[in-house]
Amino acid sequence: MSYLQKLKGSGQSPPKVSLSEVVWSWIGSFFGIAAVSLIHYKLLDQTGLMMILGSFGASAVLIYGAVRSPLAQPRNLLGGHILSAFIGVTAFHWLGSELWLAAAVAVSTSIAVMHLTRTLHPPGGATALIAVIGGKSVYALGYFYVVMPAALGACVMLIIALIINNIPKSRKYPEFWF
Amino acid sequence: MQDKNNVQSLPVEISEQDVVAAMKLIPGYLDITPGDFKEVYQAAYSLAVKRLLTSLKAADLMTKQVQSLGREMDLVKAAALLAEKQISGAPVVDPNGRIVGVVSEKDFLKEMGFGATPSFMQIATHCLNNKACMIGNLRNKTVGGIMTEPPITGIPEMTIGEISALFAERKINRLPIVTADGRPVGIVTRTDLAHSYNMFREGLKS
């Protein structure tokens, strides 16, 4: 296959999902994000602690919107966020004087480690990146960033996914745990 | 009896281990679990089998120059005609051209006093041991007297899947294809069915 032929693409987009799949994706992600942001804004407001991360928006797409994807399974959700958070904080600690380098190393190393540990979860890349570019409130957490918001936030989202995704007949979650 | 209509049953059952092994052959991350892939594969396979079984219709398979025999035709003449045309059976029609039965070698053999499926050697042995060959039994009879009736018939829209199922269920070797008012327009034989596999093979090449 020539380079140009590759660029044209030879596959096709999968079919649109059913309306019930759309509705359940909405319901799941509403409650998933509501749970972490309620804790974040109502309970942790003045404490300097965090429960929400931008990358959770991306996790919501997977664990409430594409529940059968291997990328959306508990192993990937938890493993991806926790490992990437650790790598992100480490990259900031070692390379923080060159933020551009720390950011690139954090994301690329996270992807490599997630592959090696079979925990690939795309939002993990964002979790690693946020550890580097998240500003003072994130830096202040140090390695606690791995526990909270990364691990605990992902756990809360997972609990909501386990509850909501098993209500409709057409869905089951997870496909596998570990 | 083979279960012809159950398209769910696969000739080769795919296992999750097969899927995992196949996924290892494909470089890069595949965003699907082996279980889901197996489910997709099985559903797609069923659809492909269904398409195969409905892709060819009687009208595509049948021999269109169908040789019909009249009900009142003398058996010896009928035998001569079948021999001349090199066919082993034919639809039988009434004076209006409507099908009333099917006559085949089997019917001739039955009438001669053999079972429905004797071998040539059985017939030869019999004729050699008895001076009077049983072929004499066929004299002074008509096609209508020995034909199988009512005839099992098909319509031009019948699919290859339906035809092969009918062949197996009714143990027949030829199926006259008739119009709505019962006039033969063609005939599908086991040979025609066998040839259809060649059409599938050619379809695979493209």
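It should be noted that the structure appears before, not after, this text.
A brief structural summary. Residue numbering note: each chain is counted from 1, following its sequence as written. The lettering of chains begins at A and the numbering of ligands begins at 1, in the order of writing. Totals for whole chains, interfaces and linings use every residue, but because this is a predicted model, local features are given only for residues with pLDDT of at least 70 and side-chain atom pairs only at 80 or more, for both listing and counting.

As for the overall build of chain A
Where helices and strands are cited, they refer to DSSP runs of H or I of at least four residues and of E of at least two residues respectively, numbered from the N terminus. Helix and strand counts for chain A come out as 8 helices and 0 strands. For chain A, the succession of helices and strands along the chain, N to C, is α-α-α-α-α-α-α-α. Counts of 20 or more other C-beta atoms within 10 Å of a residue's own C-beta define buried residues, counts of 12 or fewer define exposed ones, and intermediate counts define partly exposed ones; C-beta atoms are placed from the backbone. For chain A, the proportion of its 178 residues judged to be buried stands at 41%. Any residue pair is listed as a contact if its two C-beta atoms, each placed from the backbone, are within 7 Å. Of the contacts made within chain A by residues no fewer than 6 positions apart, 73% connect residues no fewer than 24 positions apart.

With respect to the interface of chain B and chain A
Contacts between chain B and chain A engage 6 residues on the former and 6 residues on the latter. Residues are grouped as follows: nonpolar covers Ala, Val, Leu, Ile, Met, Phe, Trp, Tyr, Cys and Pro; charged covers Asp, Glu, Lys and Arg; every other residue, Gly included, is treated as polar. In terms of residue class, the side of chain B that touches chain A is made up of 2 nonpolar, 2 polar and 2 charged.

Some thoughts on the sheet that holds strand β1 (residues 69-70) of chain B
Residues and elements named next belong to chain B. Sheet architecture is open: 3 strands sit in the order β1-β2-β3, paired in mixed fashion. Each of the sheet's edge strands pairs with one partner strand only, and the pair in question is β1 and β3 (99-104). Judged from the 2 bridges that link them, β1 and strand β2 (residues 89-93) form a sheet pairing that is parallel. Looking across to β2, one finds that leucine 69 is bridged to valine 92. At least two DSSP bridges between two strands are required for those strands to pair.

Regarding the packing of helix α2 (residues 19-43) of chain A against helix α3 (residues 54-65) of chain A
For any two helices packed against each other, one specifies the inter-axial angle together with the distance between the axes. All names here are of chain A. At a minimum axis separation of 9 Å, α2 and α3 run at an interaxial angle of 140°. With respect to their mutual orientation, α2 and α3 come out oblique. The handedness of the crossing between α2 and α3 comes out as right-handed. For the pair α2 and α3, contact is made by Ser25, Gly28, Ser29, Gly32, Ile33 and Val36 and by Phe56, Ala60, Tyr64 and Gly65, respectively. In terms of residue class, the contact of α2 with α3 is built from 5 nonpolar, 5 polar and no charged. The convention used is that axes are lines fitted to C-alpha atoms, helices contributing only their stretch in contact, and that angles between N-to-C directions extend from 0 to 180 degrees. The cut-offs work like this: below 35 degrees is roughly parallel, past 145 is roughly antiparallel, 65 to 115 is roughly perpendicular, and the gaps in between are oblique. For any pair of crossing helices, the crossing counts as left-handed if the nearer helix is rotated counterclockwise from the farther one by less than a right angle, and right-handed if it is rotated clockwise.

Quick word on the pairing of β3 of chain B
Residue and element names in this part refer to chain B. When you tally the buried positions in β3, you get 5 out of 6 residues, the bulk of the element. Pairing analysis gives 5 bridges linking β2 to β3, with the strands arranged antiparallel. Following the sheet pairing, proline 91 is matched in β3 by valine 102. Linking β2 to β3, which pair antiparallel, is a turn of 5 residues; within it glycine 97 sits at a positive phi near 85°.

Things to note about the environment of valine 36 of chain A
Residues and elements named next belong to chain A. As for its position among the elements, valine 36 is in helix α2. For valine 36, a count of 24 C-beta atoms within 10 Å translates into the label buried. Residues valine 36 and valine 156, spaced 120 residues apart in sequence, show a C-alpha to C-alpha distance of 6.7 Å. For valine 36, the residues in contact, after removing those within four places along its chain, are Met51, Ile52, Phe56, Gly153, Val156 and Met157.

Some thoughts on the nonpolar core
Linking buried Ala, Val, Leu, Ile, Met, Phe, Trp, Tyr and Cys residues through C-beta atoms within 7 Å yields a set, and such a set is a nonpolar core. Ile63, Ala85, Ala106, Leu129, Ala131, Val132 and Met157 of chain A are the most contacted members of the largest nonpolar core, which totals 46 residues. Residue assignment for this core shows that the elements contributing at least two residues are α3, α4 (74-95), α5 (99-116), α6 (122-133) and α8 (144-164) of chain A. Alanine 85 of chain A has contacts with Thr127, Ala128, Ala131, Tyr145, Val146 and Ala150 of chain A, leaving out every residue within four places of it along the chain. Residues Leu75, Met147, Met158 and Ile177 of chain B belong to the second largest nonpolar core, which totals 24 residues.

A short note on the packing of α3 of chain A against α8 of chain A
All names here are of chain A. Between α3 and α8, the least distance of the axes is 11 Å, while the angle of their chain directions is 25°. On the basis of the axis angle, α3 is roughly parallel to α8. α3 and α8 meet at a crossing whose hand is right-handed. The residues of α8 that touch α3, namely those facing Phe56, Ser59, Ala60, Ile63 and Tyr64, are Gly153, Ala154, Met157 and Ala161. Broken down by class, the residue content of the contact of α3 with α8 amounts to 7 nonpolar, 2 polar and no charged.

Things to note about α4 of chain A
Expected span of a helix, by definition, is 1.5 Å for each gap between consecutive residues, and there is one gap fewer than residues. Taking 1.5 Å of rise per residue, 22 residues should cover 32 Å, and α4 of chain A covers 31 Å from first to last C-alpha, within 8% of that figure. Here α4 of chain A lies mainly inside the structure; 17 of its 22 residues are buried.

Observations concerning the pairing of strand β5 (residues 184-189) of chain B
Residue and element names in this part refer to chain B. Taken together, the 5 bridges between strand β4 (residues 174-178) and β5 define a ladder with antiparallel strand orientation. Looking at β5, one finds that arginine 174 is bridged to threonine 189. Adjacent in sequence and paired antiparallel, β4 and β5 are bridged by 5 residues, among which glycine 182 carries a positive phi angle near 85°.

Points about unusual backbone geometry
Of note, the bond from tyrosine 173 of chain A into proline 174 of chain A is cis; its omega dihedral lies within 30 degrees of zero at 0°. If you trace the backbone, proline 174 of chain A turns up in the segment after α8. The omega angle of the peptide bond from glutamate 149 of chain B to proline 150 of chain B is -5°, so this bond is cis rather than trans. Position of proline 150 of chain B among the secondary structure elements: in the loop between α7 (143-146) and α8 (160-170). Here the phi dihedral of glutamine 86 of chain B falls at roughly 55°; this positive angle occurs in a residue that is not glycine. Note that glutamine 86 of chain B resides in the loop between α4 (75-85) and β2. Overall, glutamine 86 of chain B belongs to the exposed group, with 6 C-beta atoms counted inside 10 Å. Phi at lysine 171 of chain B takes a positive value of approximately 50°, unusual for a residue other than glycine. Mapped onto the elements of the fold, lysine 171 of chain B is located in the loop between α8 and β4.

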